[in-house]
Amino acid sequence: MRRYVIRRLAQALGVLWAAYTLSFFILVLLPGDPVSAMAGAGMDSAPVDPARLEALRHAYGFDKPVPLQYVDHLGRALTGDFGDSVATGRPVTQLVTEALPQTLLLTATGLGLAFLLGGGLALAATYTDRRWARQFLLSLPPLGVSVPTFWVGLMLVQFFSFRHPWFPAFGNDGPKGLVLPAITLAVPTGAQIALVLAKSLLTTLDEPYVGTALAKGAGRAHVHLRHALRNASLPALTVAGLLVGQLMANAVVIETVFSRNGLGRVTQAAVSAQDIPVVQAVVVYGALVFVVVNLLVDLVYPLLDPRIVLSPRRPQVVTA
């Protein structure tokens, strides 16, 4: 177990390094000059003194060769120092840590709603005896996956904010302001969880042990929830761990649609200004959340299915 956790931590560090390195070189290769953009914005797009541009490039280290910039930035990032924002001059760590709690709250609420909606839909579709009801319920997840996330958000704002003013359309206005963005975020994720869980439940319900439990007098609901659901939940749990990255990316779009303060608005401003330190910090923090959640998912496997043994290579199922 300890060797497995150490190996997974080493893999997580590798993922963080790869995310940081790729984002650095992609941003460096983009056309444009962040120092010129920063100086031009501060002087109302008037011509900028070349001597001042050189001074700014020297101050932010952009006058060094790209490999030296990479080594310098990576060394400081290892200590948690991502430097100062090129656009605002504020410490990058401060910018990100101020915005991160709102994005994590939105992502966690969206993931919780996705589990409730997707899990409830899969359970209802696989429990009902009526064929038409099962076919109708099983047709909903593909619809949820295919609908664009931003369109769902705009429709929710139209009906529940403009036509019926029950929830605020924009801003971080307490718990009520979280409802519409979280539902928008949960719809595609919950649909994917419902697809995987419903398929896994239908397969599990055909297993011989389910028929044996029913023949011994166990209630249908008891077998469905206590036996089949527990064994069928592993694929859905794996998918949920992988969907965390997608949730973080969708949260960026959702925060823009609902004008919420968070990493989305910070990322949008940083990309527009080619603010390399801020974009890299956002990428690293997002990758950190992704690898931590997937590590927790791997550690939960043996709790759901004791046959699974954590090996240094990957979780394995021990068969009799």
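An unreviewed UniProt entry lists the protein chain under the name Peptide/nickel transport system permease protein, with Kineosporia succinea given as the organism. Regarding the protein chain, the relevant UniProt record gives this comment under Subcellular location (unreviewed entry): "Cell membrane". The record in UniProt for the protein chain states the following under Sequence similarities (unreviewed entry): "Belongs to the binding-protein-dependent transport system permease family."

Chemist: What am I meant to see in empty space enclosed by the protein here?
Modeler: Any empty space left between the atoms is revealed when a probe the size of a water molecule rolls over them. Here the structure, examined in full by the defined rule, presents 1 cavity of 30 Å³ or more. In this structure, the largest cavity encloses a volume near 50 Å³. Lining the largest cavity are Tyr 20, His 73, Arg 76, Asp 81, Phe 82, Gly 83, Pro 277 and Gln 280. Secondary-structure elements contributing two or more residues to the lining of the largest cavity are α4 (66-78) and α12 (276-304). Looking at the lining of the largest cavity residue by residue, the classes come out as 3 nonpolar, 3 polar and 2 charged.

Chemist: Would you mind going over the environment of Val 253 with me for this structure?
Modeler: In this fold, Val 253 is placed in helix α10 (residues 220-257). In this structure the C-alpha to C-alpha distance between Val 253 and Arg 265, which are 12 residues apart in sequence, comes to 8.8 Å.

Chemist: I keep staring at the packing of helix α5 (residues 92-127) against helix α8 (residues 176-205) and nothing clicks. Help me out?
Modeler: Axis angle and axis distance: for two packed helices, these are the angle between their axes and the distance between the axes, and together they describe the pair. α8 packs onto α5 with a crossing angle of 40° between their chain directions and a minimal axis gap of 5 Å. α8 is crossed by α5, and the crossing has right-handed handedness. Among the residues forming the contact of α5 with α8, the class breakdown is 22 nonpolar, 8 polar and no charged.

Chemist: So what exactly am I meant to see when it comes to the side chain of Ser 85 here?
Modeler: For Ser 85, the position within the fold is in the loop between α4 and α5. Taking the relative accessible area as the measure of exposure, Ser 85 reaches 1% and is therefore buried. Contact partners of Ser 85, with chain neighbours within four places excluded, come to Tyr 60, Arg 90, Val 92, Leu 95, Asp 275 and Val 278.

Chemist: Honestly, the UniProt feature "transmembrane region" (unreviewed entry) in the protein chain in this entry has me stumped. Any pointers?
Modeler: If you check UniProt for "transmembrane region" (unreviewed entry), the listed places come out as residues 12-30, 104-124, 136-158, 178-198, 234-258 and 278-304 in our numbering. Secondary structure across residues 136-158 comprises 91% helix and 0% strand; the distance between its end C-alpha atoms is 26 Å. Along residues 234-258, the helical share is 96% and the strand share 0%, with 34 Å between the first and last C-alpha atoms.

Chemist: Would you mind going over the packing of aromatic side chains with me for this structure?
Modeler: To describe a pair of aromatic rings, one takes the distance between the centres and the angle between the planes. Under the counting rule described, the total for this entry stands at 5 aromatic pairs. Here Phe 25 and Tyr 70 contribute two aromatic rings whose centre-to-centre distance is 5.3 Å and whose plane-to-plane angle is 35°, an arrangement assigned as tilted. Placement of the pair is Phe 25 in helix α1 (residues 2-29) and Tyr 70 in helix α4, with a sequence separation of 45 residues. On the accessibility criterion, Phe 25 (33% relative accessible area) is partly exposed. Taken together, the aromatic side chains of Phe 24, Phe 25 and Tyr 70 make up a single cluster linked through ring pairs.

What counts, and where the lines are drawn
- Residues numbered from 1 in each chain as written.
- Predicted model: local features only at pLDDT ≥ 70, side-chain atom pairs only at ≥ 80, totals over all residues.
- Heavy atoms only, no water.
- UniProt positions renumbered as here; feature names shortened; annotations may be inferred.
- 1 Å grid on protein atoms, 1.4 Å probe; cavity = no way out; pocket = protein on both sides within 12 Å on 5 of 7 lines; lining within 4 Å.
- Points joined across faces, edges and corners; volume = space filled by probe spheres on them.
- Helix = DSSP H or I, 4+ residues; strand = E, 2+ residues; numbered from the N terminus.
- Nonpolar A, V, L, I, M, F, W, Y, C, P; charged D, E, K, R; others polar.
- Axes fitted to C-alpha atoms, helices over the stretch in contact; angles between N-to-C directions.
- Left-handed = near helix turned anticlockwise from the far one by under 90°.
- Buried < 20%, exposed > 50% of the residue type's maximum accessible area, 1.4 Å probe, protein only.
- Contact = heavy atoms within 4.5 Å.
- Phe/Tyr/Trp six-rings, centres within 6.5 Å; stacked < 30°, edge-to-face > 60°.

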